[in-house]
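What follows is the residue order along each chain.
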Amino acid sequence: MGATLEGIDLVDPDNYVDRIPFEWFDHLREEHPVVWHPEPSPNHGFWSVTRYDDLTQVHMDWETYSSEVGAVALEELDEEQLAIRRSMLETDPPRHTELRKICSRRFSARGVGRYEDWIRDVARAVLDTALPEGEFDFVGAISRELPIRFLCSIFTVPQEDAPELITWGDQMIANQDPDLSAAVVDKVDTEAYRNLPFRSPTALKVFAYADRQRDLRLEEPADDVIQALTVAQSEGILSEQDFHNYFALLMIAGNETTRHTISHGMLALMDDPDQLELLRDEPERIPAATEEILRWATPVLHFRRTATRDTELRGQQIRAGDKVVTWYVSANFDPEVFPDPHRFDVTRTPNDHVTFGPGGPHFCLGAHLARLETKILFQELIPRLRSIELTGPVERIRSNFVNGIKRMPVRVTTT
Ligand code: HEM
């Protein structure tokens, strides 16, 4: 099984277990920046786009490269699946604009800014529990705890629900990792779940949870994101299905990605203690360092578009209906944009990474929140660390979609 391009296979999740195959992306950017990549059946193959400028062009030109025709993941969906599973991610303007407006104010810089003190308190509480342990799994004790707790506050759902929401998020997004999900899409028959997000049966639990939260708000309105979705459903802007898919999108997107950013950031600082020391000595550098952590982490490896007409990209003829896959993880290491890209440099400036997308209609809705969470965590953590080191292997998620760390055992001494 597996596609090959001079031995390169960007699809097989096994190729991301030990590390990101950066040498493949470096080679493709240099020699084959837009290249046809075959895929195992039932998929039909895709154009692989690895340069920063080309990725930007594709994302900005949503009329040629649609999110609505086809989907935005590698999995090819038929019309029925598309109709049932479609979330905001799989729409183009004008419908996309209408959906995004439902929540955009709450995720603006000002909208999330009002949670700043609260986020800091949560970060302190999580660190107060984890750090005195001395030896612990950094992912389990810190990275995994924080984003979901922030999300619980933005959703105003009980903090006690956090562990369950974490488990559900893991099962859905890590649907290629047998350690995290029973329904591993390329290993077992998931046909029964073909109409559920990520082909995951866990989606039904998320939908039921969303229903309970909506019913609570119908009884007593709240000032939160779920209320905004509830109102949109009452007004007919969202169908029941749209409501479910929107809720699941926010829960999944807001949970995993920030977690992996925090883990990768800590790992990079452990690998390069001089940079950790620099940030300890000059904490005013942490906001800029957060951008380098985001570039370095690139938690979402790719998204896909579908060509709506015949077109040309860097000399390649793209046909209407072709899948076009843009690799953020390659664009963020494009030497044309980032000098010495494989060097982690907390002082890097400018740092126009595409970790949240390059702009365009689908630019990450949660970017302000994710930035704030990451910055605050490192502002609170770094001054407390006297030393931190790995005590065992770093385990990665088996996935061609998320750049995830699932375990990272550390030993810490505090100031
Ligand atoms: C470091 C953390 C995060 C990363 C790396 C990330 C990455 C991304 C990327 C790459 C996209 C697609 C951009 C494009 O198509 O060009 C996206 C979209 C999106 N993200 Fe994030 N995200 C993060 C955090 C969050 C958070 C905290 C939330 C909120 C709960 C969130 C909600 C969304 C939503 C709803 C979309 C779809 C936007 C649309 O279709 O208009 N994300 N994100």
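Attention in this report is confined to the structure presented alongside it. In this numbering scheme, every chain counts its residues from 1 along its sequence in written order. Per-residue local features are limited, in this predicted model, to residues with pLDDT of at least 70; the limit for side-chain atom pairs, both in listing and counting, is 80 or more; totals at the level of whole chains, interfaces and linings are taken over all residues. The side-chain figures draw on all heavy atoms in the structure; neither hydrogens nor water molecules are used.

Within the chain, the secondary structure is distributed over 17 helices and 12 strands. Radius of gyration here uses only the C-alpha atoms, and the compact-globule reference equals 2.2 Å multiplied by the residue count raised to the power 0.38. For 415 residues, the compact-globule estimate of 2.2 N^0.38 gives 22 Å, and the chain sits close to it at 21 Å. If you line up the chain on its principal axes, its C-alpha atoms span 60 × 60 × 40 Å. The buried share among the 415 residues of the chain stands at 56%. Restricting the contact set of the chain to residue pairs at least 6 apart, pairs at least 24 apart contribute 71%. All accessible-area figures derive from a Shrake-Rupley calculation using a 1.4 Å probe, and residue coverage is judged against the displayed protein chains alone. Roughly 17,100 Å² of accessible area belongs to the chain as shown, and the carbon and sulfur atoms make up 50% of that amount. Only DSSP runs of H or I reaching four residues or more are called helices, and only runs of E reaching two or more are called strands; each is numbered from the N terminus. Only protein chains enter the accessibility calculation, which uses a 1.4 Å probe. A residue is then buried if its area is under 20% of the maximum for its type, exposed if over 50%, and partly exposed in between. Two residues qualify as a contact provided that any one of their heavy atoms is within 4.5 Å of a heavy atom in the partner residue.

The next thing to look at is the sheet that holds strand E3 (residues 65-66). Whether two strands pair depends on DSSP finding at least two bridges between them. Strand order in the open sheet formed by five strands is E1-E2-E8-E5-E3, and the pairing between neighbours is mixed. A strand with exactly one partner marks an edge of an open sheet, and here the two such strands are strand E1 (34-37) and E3. Bridge count between E1 and strand E2 (residues 46-49): four bridges; the pairing is antiparallel. Note on E2: the bridge partner recorded for His37 is Phe46. Relative to strand E8 (residues 323-327), helix H2 (residues 52-60) is tilted by about 130 degrees, and along the sheet it contacts E1, E2, E3, strand E5 (302-307) and E8. Lines are fitted to the C-alpha atoms to define the axes, a helix being fitted only along its stretch in contact, and any angle between axes, read from their N-to-C directions, falls within 0 to 180 degrees.

Quick look at helix H1 (residues 22-31) now. Trp24, Phe25, Leu28 and Arg29 are the residues of H1 that are buried. Buried residues of H1, seen end-on, are gathered within an arc of 130 degrees and therefore sit on one face of the element. In this structure, the buried residues of H1 make contact with E1, E2, E8 and helix H16 (328-331). Think of it as the arc spanned by the lines of direction from the helix axis to the C-beta atoms.

This part covers the coordination of the iron atom of the ligand. Only nitrogen, oxygen and sulfur atoms within 2.8 Å of the metal, or 3.2 Å for Na, K and Ca, are treated as donors, and water is left out, so sites may look incomplete. Exactly one donor from the protein chain reaches the iron atom of the ligand: Cys364 (SG), at 2.3 Å. As for its position among the elements, Cys364 is in the loop between H16 and helix H17 (367-381).

Turning our eyes to something else, we now look at unusual backbone geometry. The residue after Pro93, namely Pro94, is reached through a cis peptide bond having omega 5 degrees. Here Pro94 lies in the loop between helix H3 (79-85) and helix H4 (95-103). Cis peptide bonds are those with omega within 30 degrees of zero, and the linkage from Thr349 to Pro350 qualifies with -5 degrees. Residue placement: Pro350 occurs in the loop between H16 and H17. With a phi angle near 45 degrees, Arg314 is a residue other than glycine that sits in the positive phi range. With respect to the secondary-structure elements, Arg314 resides in the loop between strand E6 (311-313) and strand E7 (316-318).

In the vicinity of the ligand, 31 residues are found, and the nearest of them are His96, Arg100, Arg305, His362 and Cys364. Residue assignment for the shell around the ligand shows that the elements contributing at least two residues are H4, helix H12 (240-253), helix H13 (256-271), E5 and H17. Only heavy atoms are used to decide nearness, and a residue is near a molecule or strand if one of them lies within 4 Å of it.

Along E8, five of the five residues are buried, which leaves the element largely enclosed by surrounding structure. Residues Lys323, Val325 and Trp327 point to one face of E8 and Val324 and Thr326 to the other, with burial holding for every one of them. The pairing of E5 with E8 spans five bridges and is classified as antiparallel. Residue pairing across strands places His302 opposite Trp327, the latter belonging to E8.

A separate point is helix H8 (residues 145-155). Of all 11 residues that make up H8, 10 are buried, and the element is covered over most of its length. Of all the positions in H8, only Leu146, Pro147, Ile148, Arg149, Phe150, Leu151, Cys152, Ser153, Ile154 and Phe155 are classed as buried. Note on H8: the residue one or two positions beyond its end, Thr156, has a positive phi of about 40 degrees.

Looking now at a negative patch on the surface. Note on patches: the residues involved have over 30% relative accessible area and no salt bridge, like charges join within 9 Å, and the nonpolar side chains Val, Leu, Ile, Met, Phe, Trp and Tyr join within 5 Å. Any Lys or Arg side-chain nitrogen located within 4 Å of an Asp or Glu carboxyl oxygen qualifies as a salt bridge. Within this scheme the basic residues Lys and Arg register as positive and the acidic residues Asp and Glu register as negative, but His and the chain ends are omitted. Lysine's charge is taken at NZ, arginine's at CZ, aspartate's at CG and glutamate's at CD. Side chains of Glu6, Glu30, Glu31, Asp53 and Glu336 sit close together on the surface and give a patch of like negative charge. Inspection of the secondary structure puts Asp53 in helix H2.

Within the fold, Ala288 resides in helix H15 (residues 286-297). Each C-alpha atom of the pair Ala288 and Arg407 lies 26 Å from the other, and the pair is 119 residues apart in sequence.

With that settled, the discussion passes to the nonpolar core. Definition of nonpolar core: a set of buried residues of the types Ala, Val, Leu, Ile, Met, Phe, Trp, Tyr and Cys, connected through side-chain atoms within 4.5 Å. One finds Phe138, Ile142, Met266 and Phe378 to be the most contacted residues of the largest nonpolar core, which totals 92 residues. Every residue in contact with Ile142, bar those within four places of it in the chain, is listed here: Val126, Leu127, Ala130, Leu131, Phe136 and Leu377. Of all hydrophobic cores here, the second largest spans 16 residues; its members include Val11, Ile20, Trp24 and Val329.

Counting through the fold element by element, Thr258 comes out in helix H13. Since its relative accessible area comes to 5%, Thr258 is described here as buried. Those residues in contact with Thr258 that sit more than four places away from it in its chain are Pro147, Ala370, Glu373 and Thr374.

The next point concerns the side chain of Arg398. By the element assignment, Arg398 lies in the loop between strand E10 (395-396) and strand E11 (405-407). Judged by relative accessible area, Arg398 falls into the buried class, the value being 7%. What qualifies as a polar contact is a pair of N or O atoms within 3.5 Å, subject to a donor-acceptor requirement within protein and to the restriction that residues adjacent in sequence count only when both atoms come from side chains. Of note is the side chain of Arg398, whose polar atom sits 2.7 Å from the side chain of Asp14.

Okay, the packing of aromatic side chains next. The way to describe two aromatic rings as a pair is by their centre distance and the angle between their planes. Aromatic contacts are taken between Phe, Tyr and Trp rings whose centres are within 6.5 Å, Trp giving its six-membered ring; a plane angle under 30 degrees counts as stacked, one over 60 as edge-to-face, and the others as tilted. Tallying each qualifying case throughout the model produces 12 aromatic pairs. Between Tyr209 and Phe247, the aromatic rings sit 6.1 Å apart at their centres with planes inclined by 50 degrees, giving tilted as the arrangement. Here Tyr209 is found in helix H10 (residues 202-219), whereas its partner Phe247 is found in helix H12, with 38 residues between them in sequence. Comparing Tyr209 with Phe247, the two get one shared label, buried. Members of the aromatic cluster, each reached through a chain of ring pairs, are Phe22, Trp296, Phe333 and Phe344. The cationic tip of Arg295 hangs over the ring face of Phe333; the distance from NZ or CZ to the ring centre is 4.9 Å. Charge-over-ring contacts are defined here by two conditions on Lys NZ or Arg CZ: a distance within 6 Å of the ring centre and an angle within 35 degrees of the ring normal. Here Arg295 stacks its cationic end above the ring of Phe338, 5.3 Å away from the centre of that ring.

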